[in-house]
Amino acid sequence: MNTFDQLTALLDEQQARYRVMEHAAMGKCEDVAALRGTALGQGAKALVCHVKGNGMKQHVLAVLPADKQADLSRLASALGGLRASLASPADVDKLTGCVFGAIPPFSFHQDLLLVADPSLLTRYDELAFNAGLLEKSMVLNTADYQRIAAPTILSFLREEE
């Protein structure tokens, strides 16, 4: 079962409030938000990271609003590690089954810890994200996302300049 099918099965089973949109594959968050008709900040950007140091080696799916930037040092510190980096394309594929840009804000792999910045859950009533495929998006009720995905909540956004 591919990621899109896993995701829709989970959301249906959990009676989530969501809708699916099909659109042209887009590379930039701004472009896909315009296609979806959603605000850029509603986008749930999912980054596969590798946190190391202090005896820690952990892959993390860090989810944040698409209009913000992650501070990987803050992410590492919040998890008790010393440093964090983006995972390699091979690790992204192994852990998510998705290409970069299509990763939904859900972890279906036991070795991929799901964390979300608290701002993701408080700014909008719905989150928008690519649903495992570049040409399919979902718009999901934010409370349903938090209930079903149950991410660990950590602050890791880059400070505004």
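Coordinates for the structure precede this section.
My aim in this report is to walk through the structure given alongside it, one point at a time. Computed from a prediction, not measured in an experiment: that's the story for all the values here.

With that out of the way, let us pick up the pairing of strand β6 (residues 126-133). Among the 8 residues of β6, 6 are classified as buried, and the element is accordingly described as predominantly covered. Between β6 and strand β7 (residues 136-141), which follow one another and run antiparallel, lie 2 residues.

Let's shift gears to unusual backbone geometry. Even without being glycine, N54 reaches a positive phi, approximately 55 degrees. Here N54 lies in the loop between β2 (44-53) and β3 (56-65). Taking the relative accessible area as the measure of exposure, N54 reaches 56% and is therefore exposed. With a phi close to 50 degrees, A150 is a non-glycine residue in the positive phi region. If you trace the backbone, A150 turns up in the loop between α5 (142-149) and β8 (152-153).

The mixed open sheet is built from 5 strands, whose spatial order is β4-β2-β3-β5-β8. Lying at the two open borders of the sheet, with one neighbouring strand each, are β4 (83-86) and β8. Here 5 bridges tie β3 to strand β5 (residues 112-116), and the two strands are oriented parallel to one another. When the sheet's bridge partners are listed, V60 is paired in β5 with L113.

With respect to the element layout, E159 can be found in the segment after β8. Classification of E159 by relative accessible area gives exposed; the value is 56%. Spatially, the C-alpha atom of E159 lies 38 Å from that of E13, the residues being 146 residues apart in sequence. Polar contacts involving the side chain of E159 include one to the side chain of R74, which spans 3.0 Å.

What counts as what
Sequence order sets the numbering: in each chain, residues are counted from 1 along the sequence as written. The model is predicted, so local features are restricted to residues of pLDDT at least 70 and side-chain atom pairs to those at 80 or more, both for listing and for counting; the totals for chains, interfaces and linings are taken over all residues. Water and hydrogen atoms play no part in the side-chain values, which are based on all heavy atoms of the structure. For each residue, the accessible area found with a 1.4 Å probe, counting protein chains only, is set against the maximum for its type, and the residue is called buried under 20%, exposed over 50%, and partly exposed in between. Numbering of helices and strands starts at the N terminus; helices are DSSP runs of H or I of at least 4 residues and strands are runs of E of at least 2. Two strands pair under a simple rule: DSSP has to find at least two bridges between them. We call two N or O atoms a polar contact when they sit within 3.5 Å, provided that within protein one can donate a hydrogen and the other can accept it, with sequence-adjacent residues counted only if both atoms are side-chain atoms.

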